[in-house]
Amino acid sequence: AFPDARLAIEVDGRLWHDRRLTHLVDIRRDRDAALAGWQTVRYVYDEVSRAPEAWGAEVRAIHDQRLVDLGHAV
């Protein structure tokens, strides 16, 4: 999580999300976070493990854009 940008990053694995109830809990948590002004961005494990540099760059870009959207200097 990046509190300065109110940004939560979640990396989901297939084992964990094969269960429908678990997925529904995550969706509810995302909505609760949104009500509190947070953005949740989800990735699947394969994205992160196959291209960690690209993933990191994308997370940084989303983080920086959130700061701009919230009126903070980057």
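Owing to the predicted nature of the structure, the values given are computational and were not obtained by experimental measurement.

### Digging into the overall build of the protein
Phase 1: The helix and strand inventory of the protein stands at four helices and two strands.
Phase 2: Relative to its 74 residues, the protein shows a buried fraction of 22%.
Phase 3: Of the contacts made within the protein by residues no fewer than 6 positions apart, 66% connect residues no fewer than 24 positions apart.
Phase 4: Within the structure as shown, the protein displays about 5400 Å² of accessible surface, and the carbon and sulfur contribution to it stands at 58%.

### What about the nonpolar core?
Phase 1: Judged by nonpolar contacts, A5, L7, V41, Y43, V48, V59 and L67 together constitute the single largest core of seven residues.
Phase 2: Looking at this core, the elements with two or more residues in it are β2 (39–44) and α4 (52–69).
Phase 3: Ignoring anything within four residues of it in the chain, the contact list for L67 reads D4, A5, H72, A73 and V74.

### Regarding the pattern of salt bridges
Phase 1: Under the defined criterion, the tally for this structure stands at eight salt bridges.
Phase 2: Put simply, D26 and R29 hold a salt bridge, and the shortest N to O gap is 2.7 Å. Here D26 pairs with R29, and both are found in helix α2 (residues 20–35), just three residues apart, close to one helical turn.
Phase 3: According to the relative accessible area criterion, R29 is partly exposed, its value standing at 37%.
Phase 4: We note a salt bridge from R42 to D26, for which the minimum N-O separation is 3.7 Å.

### Focus on α4
Since there are 3.6 residues in each turn of an α-helix, residues three or four apart along the chain are aligned in direction.
Phase 1: If you check α4, its first and last C-alpha atoms are 25 Å apart, about what 18 residues at 1.5 Å a residue would give, namely 26 Å.
Phase 2: Of the residues making up α4, those classed as buried are V59, H63, R66 and L67. One side of α4 holds all its buried residues, which, seen down the axis, span an arc of 100 degrees. Opposite the buried face of α4, by more than 90 degrees, sit the exposed residues E53 and D69.
Phase 3: Buried residues along α4 sit in contact with β1 (7–12) and β2.
Phase 4: Of the residues trailing α4, G71 is marked for its positive phi of about 85 degrees.

How each quantity is defined
- Residues numbered from 1 in each chain as written.
- Predicted model: local features only at pLDDT ≥ 70, side-chain atom pairs only at ≥ 80, totals over all residues.
- Heavy atoms only, no water.
- Helix = DSSP H or I, 4+ residues; strand = E, 2+ residues; numbered from the N terminus.
- Buried < 20%, exposed > 50% of the residue type's maximum accessible area, 1.4 Å probe, protein only.
- Contact = heavy atoms within 4.5 Å.
- Areas by Shrake-Rupley, 256 points an atom, 1.4 Å probe, with all protein chains shown as cover.
- Core = buried A, V, L, I, M, F, W, Y, C linked by side-chain atoms within 4.5 Å.
- Salt bridge = Lys/Arg side-chain N within 4 Å of Asp/Glu carboxyl O.
- Expected span 1.5 Å × (residues − 1).
- Arc of directions from axis to C-beta.

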